[in-house]
Amino acid sequence: MINSTKPVIKLSGIKKLIGQRIKTTFLDYNPEELWKNFMAGRRTITNNLNNDLVSLAVYSPDFFSAFNPANEFEKWATVEVKDFSEVPSKMETFILPSGLYAMFPYKGLHTDNSIYQYIFRTWLPGSDYTLDNRPHFEILGSKYKNNDPESEEEIWIPIKPE
């Protein structure tokens, strides 16, 4: 379900994240084990900035221009922290660089890929922006409910002016 056909264009500041990651492909994509492991250790992260979860994807520079669902990318399960002074064991740090993003509010199941088809096949080609080579992320806030059609999240796509 698409809530808004137009995103909010936002400048995101640098984010310090702590979490866990896996390497995966769209053919093998199954983040449940990653999130299960992360959530089991989430309480050991004591310097969170808020209660939001941040789902992050790191793609190679040519990932989308030469798209192949068998190409690997990194998927992260994280939270934003104020600093890296305390990093629990089995957790890693990630610095998300600042930059311009198209933020799409989304309501629906996280397994419904129609929002991404809309973003990459309709909105982006018709916009004044191109995809930028920075991580993509989703903010899973207080209205996020796993596997619930009423779940809400924010989808952040890195962009730059054409």
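Residues numbered from 1 in each chain as written. Predicted model: local features only at pLDDT ≥ 70, side-chain atom pairs only at ≥ 80, totals over all residues. Heavy atoms only, no water.

## Remarks on the pairing of strand β3 (residues 53-58)
So, point 1. In terms of residue burial, β3 counts as a mostly covered element, since five of its six residues are buried.
So, point 2. Two elements, β3 and strand β8 (residues 136-140), share five bridges in a ladder whose sense is antiparallel. Note that in β8 the partner of Ala57 across the bridge is His136.
So, point 3. As paired strands, β3 and strand β4 (residues 73-81) are joined by five bridges and run antiparallel to one another. Following the sheet pairing, Val54 is matched in β4 by Thr78. (Buried < 20%, exposed > 50% of the residue type's maximum accessible area, 1.4 Å probe, protein only. Helix = DSSP H or I, 4+ residues; strand = E, 2+ residues; numbered from the N terminus. Pairing = 2+ DSSP bridges.)

## Comments concerning the side chain of Lys75
So, point 1. Summarising the element assignment, Lys75 is placed in strand β4.
So, point 2. Ignoring any residue separated from it by four or fewer positions in sequence, one finds Lys75 in contact with Gln20, Arg21, Ile22, Thr24, Tyr29, Leu34, Ser55, Leu56, Ala57 and Glu138. (Contact = heavy atoms within 4.5 Å.)

## Notes on the packing of aromatic side chains
Working definition: an aromatic ring pair is given by the centre-to-centre distance plus the angle between the planes.
So, point 1. By the definition in use, this model includes 20 aromatic pairs.
So, point 2. Ring plane angle 75° and centroid distance 5.1 Å describe the contact between Phe63 and Phe64, whose orientation is recorded as edge-to-face.
So, point 3. Of the residues examined, Phe63 reaches a relative accessible area of 1% and is grouped as buried.
So, point 4. Through a chain of ring-to-ring contacts, three or more aromatic side chains come together here, namely Phe26, Tyr29, Tyr59, Phe63, Phe64, Phe67, Phe73 and Phe120.
So, point 5. Of note, Arg134 hangs over the ring of Tyr101, and the distance from its end group to the ring centre comes to 4.6 Å. (Phe/Tyr/Trp six-rings, centres within 6.5 Å; stacked < 30°, edge-to-face > 60°. Lys NZ or Arg CZ within 6 Å of the ring centre and 35° of its normal.)

Read these as geometric descriptors, not functional statements.
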